Amino acid sequence: MVNIFIANLDWSITSDDIKSTFSSFGEVKYAHVVYERETKRSKGFAYVEMADPDEAINAIKALNGMEINGRIVDVKIASEKKNRIKK
DNA sequence: AGTGAGCGG
């Protein structure tokens, strides 16, 4: 399982769009666009969890710097929840 | 409006 971080997404991009895009490169276990909890508006970035590291890397290589809806997205490996404490 | 969460556990 590899966590991928995608930033600079257009406001209109949805989790489903993310999932569909990454699914082209491999099995997407989970896709999730981050929204501002308070405003409900998109924060413009998202996360994708892929099953295979190779596919994840492949997806990142292919999608990083790619223009989507006029935005050059930034795709990179996400660290372990930003070292967030897990329980 | 603009760069690291949620899910499941």
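Only a predicted model underlies this, so the values are computations on that prediction, with no experimental measurement involved. (Residues numbered from 1 in each chain as written. Chains lettered and ligands numbered in written order. Predicted model: local features only at pLDDT ≥ 70, side-chain atom pairs only at ≥ 80, totals over all residues. Heavy atoms only, no water.)

Chemist: Mind showing me how you'd approach the packing of aromatic side chains here?
Modeler: Note on aromatic pairs: each is described by the distance of the centres and the angle between the planes. The final tally for this structure, using the stated rule, is 3 aromatic pairs. Between Phe45 and Tyr47, the ring centres sit 6.4 Å apart and the planes meet at 75°, which makes this aromatic pair edge-to-face. Given the relative accessible area of 31%, Tyr47 is considered partly exposed. Within the aromatic cluster, the residues linked to one another by ring pairs are Phe5, Phe45 and Tyr47. (Phe/Tyr/Trp six-rings, centres within 6.5 Å; stacked < 30°, edge-to-face > 60°. Buried < 20%, exposed > 50% of the residue type's maximum accessible area, 1.4 Å probe, protein only.)

Chemist: What exactly am I supposed to notice about helix α2 (residues 53–63) here?
Modeler: Residues lying three or four places apart along an α-helix face the same way, a consequence of the helix completing one turn every 3.6 residues. For α2, the set of buried residues is Ala56, Ala59, Ile60 and Leu63. Projection of α2 onto a plane perpendicular to its axis shows the buried side chains occupying an angular sector of 100°, all on one side. Opposite the buried face of α2, at more than 90 degrees from it, the exposed residues are Asp54 and Lys61. Positive phi appears at Gly65, one or two residues downstream of α2, with a value of about 85°. (Helix = DSSP H or I, 4+ residues; strand = E, 2+ residues; numbered from the N terminus. Arc of directions from axis to C-beta.)

Chemist: What is the right way to look at the sheet that holds strand β2 (residues 28–35) in this model?
Modeler: Backbone-to-backbone hydrogen bonds join strands into a sheet, with any given pair of strands oriented parallel or antiparallel. Taken in spatial order, the 4 strands line up as β2-β3-β1-β6 in an open sheet, and their pairing is antiparallel. Every other strand in the sheet has two partners, leaving β2 and β6 (74–77) as the edge strands with one partner each. Put simply, the sheet's adjacent strands are angled 20° from each other on average, direction ignored. With 4 bridges connecting them, strand β1 (residues 2–7) and β6 associate as antiparallel partners. Along β6, the bridge assignment pairs Ile6 with Val75. Each of β1, β3 (42–50) and β6 touches α2; the most contacted strand, β6, lies at about 155° to it. (Pairing = 2+ DSSP bridges. Axes fitted to C-alpha atoms, helices over the stretch in contact; angles between N-to-C directions. Contact = heavy atoms within 4.5 Å.)

Chemist: Help me out: how do you make sense of the pattern of salt bridges in this one?
Modeler: Where charged atoms of side chains with opposite charge meet at close range, the side chains can pair. Under the defined criterion, the tally for this structure stands at 3 salt bridges. Of the charged contacts in the structure, one is a salt bridge between Lys76 and Asp74, with a shortest N-O distance of 3.3 Å. (Salt bridge = Lys/Arg side-chain N within 4 Å of Asp/Glu carboxyl O.)

Chemist: What exactly am I supposed to notice about unusual backbone geometry here?
Modeler: In most cases, non-glycine residues show a negative phi, while peptide bonds are predominantly trans. Positive phi values are uncommon outside glycine, yet Asn8 reaches one of about 65°. For Asn8, the location among the structural elements is in the loop between β1 and α1 (15–23). Of the residues examined, Asn8 reaches a relative accessible area of 40% and is grouped as partly exposed. Positioned with a positive phi, Asn69 is a non-glycine residue whose angle comes to about 50°. By the secondary structure assignment, Asn69 is in the loop between β4 (67–68) and β5 (71–72).

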